[in-house]
Amino acid sequence: QVQLVESGGGLVQAGGSLRLSCAASGSISNIRSMGWYRQAPGKQRELVARVISGGSTTYADSVKGRFTISRDNAKNTVNLQMNSLKPEDTAVYYCNVFINFSLYWGQGTQVTVSS
């Protein structure tokens, strides 16, 4: 079994920054990808950023240039540095980890950006 623990959400003014972290523990081997998704009220969950085992990253167009994803392989953690936050970034952010052939989700952390 795999557990994901997220931290770092909160309330910030537009233009501010937040850093999300997700730590994976448990039966971990062969992590294929780690990433972040978000879901705003009334909207579908969407990919924010992802880093695969080879180090390649993918970002949603809406966050390119503002968000940076990073992964610490030794600690099995993935971080999301979010700068220049906008009110439209307000959502619940979910950590997502693909290990072997199974997908795991964190419990979600709220990010609220006030205008």
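Look up: the structure comes first, before these words.
The paragraphs below set out a description of the structure included in this document. Keep in mind that this is a model prediction, so the values were computed, not measured. One numbering rule holds for all chains: residues counted from 1, following each sequence as written. Predicted model: local features are reported for residues with pLDDT of at least 70 only, side-chain atom pairs are reported and counted for 80 or more only, and whole-chain, interface and lining totals are derived from all residues. Hydrogens are left out, water is left out, and the side-chain values use all remaining heavy atoms of the structure.

**Observations concerning the pairing of strand E8 (residues 77–82)**
- A simple rule labels every residue: compare its accessible area, found with a 1.4 Å probe on the protein chains alone, to the largest value its type can have, and call it buried under 20%, exposed over 50%, or partly exposed in between. Each helix corresponds to a stretch of at least 4 residues labelled H or I by DSSP, and each strand to a stretch of at least 2 residues labelled E; elements are numbered beginning at the N terminus. In terms of residue burial, E8 counts as a mostly covered element, since five of its six residues are buried.
- DSSP bridges decide pairing: two strands pair if at least two such bridges lie between them. Pairing of strand E3 (residues 18–26) with E8 involves six bridges; the strand directions are antiparallel. Across the sheet, Cys 22 pairs through a bridge with Val 78, a residue of E8.
- Taken together, the six bridges between strand E7 (residues 67–72) and E8 define a ladder with antiparallel strand orientation. Looking at the pairing, Arg 71 lines up with Val 78 of E8.
- Joining the antiparallel neighbours E7 and E8 is a turn of four residues, in which Asn 76 adopts a positive phi near 55 degrees.

**Description of the sheet that holds E8**
- Here we have four strands laid out as an open sheet, ordered E1-E3-E8-E7, and antiparallel in their pairing. Among the strands making up the open sheet, the edge pair consists of strand E1 (2–7) and E7. Geometrically, the sheet is characterised by an average inter-axis angle of 15 degrees between neighbouring strands, direction not taken into account.
- Here E1 runs beside E3; their pairing, made up of six bridges, is antiparallel. When the sheet's bridge partners are listed, Glu 6 is paired in E3 with Cys 22. Note on geometry: axes are lines fitted to C-alpha atoms, helical ones only across the stretch in contact, with angles between N-to-C directions running from 0 to 180 degrees.

**Side note on the packing of aromatic side chains**
- Only Phe, Tyr and Trp rings take part, Trp by its six-membered ring, and two of them pair if their centres are within 6.5 Å. Stacked means planes under 30 degrees apart, edge-to-face means over 60, and tilted covers everything else. Applying the stated rule across the entire model yields two aromatic pairs.
- Both rings, one in Tyr 94 and one in Trp 105, keep their centres 6.5 Å apart while their planes meet at 85 degrees; by these two values the pair is edge-to-face. Of this pair, Tyr 94 sits in strand E9 (residues 91–99) while Trp 105 sits in strand E10 (residues 102–105), and the two are eleven residues apart along the sequence.
- You can call Trp 105 partly exposed: its relative accessible area is 36%.
- Three or more aromatic residues joined by ring pairs make a cluster, and in this case those are Tyr 37, Tyr 94 and Trp 105.
- Counted as over-ring charges are cases with an Arg CZ or a Lys NZ within 6 Å of the ring centre that also lie within 35 degrees of the ring normal. Looking at Arg 32, its charged tip hangs above the ring of Phe 101, at a distance of 4.8 Å from the centre.

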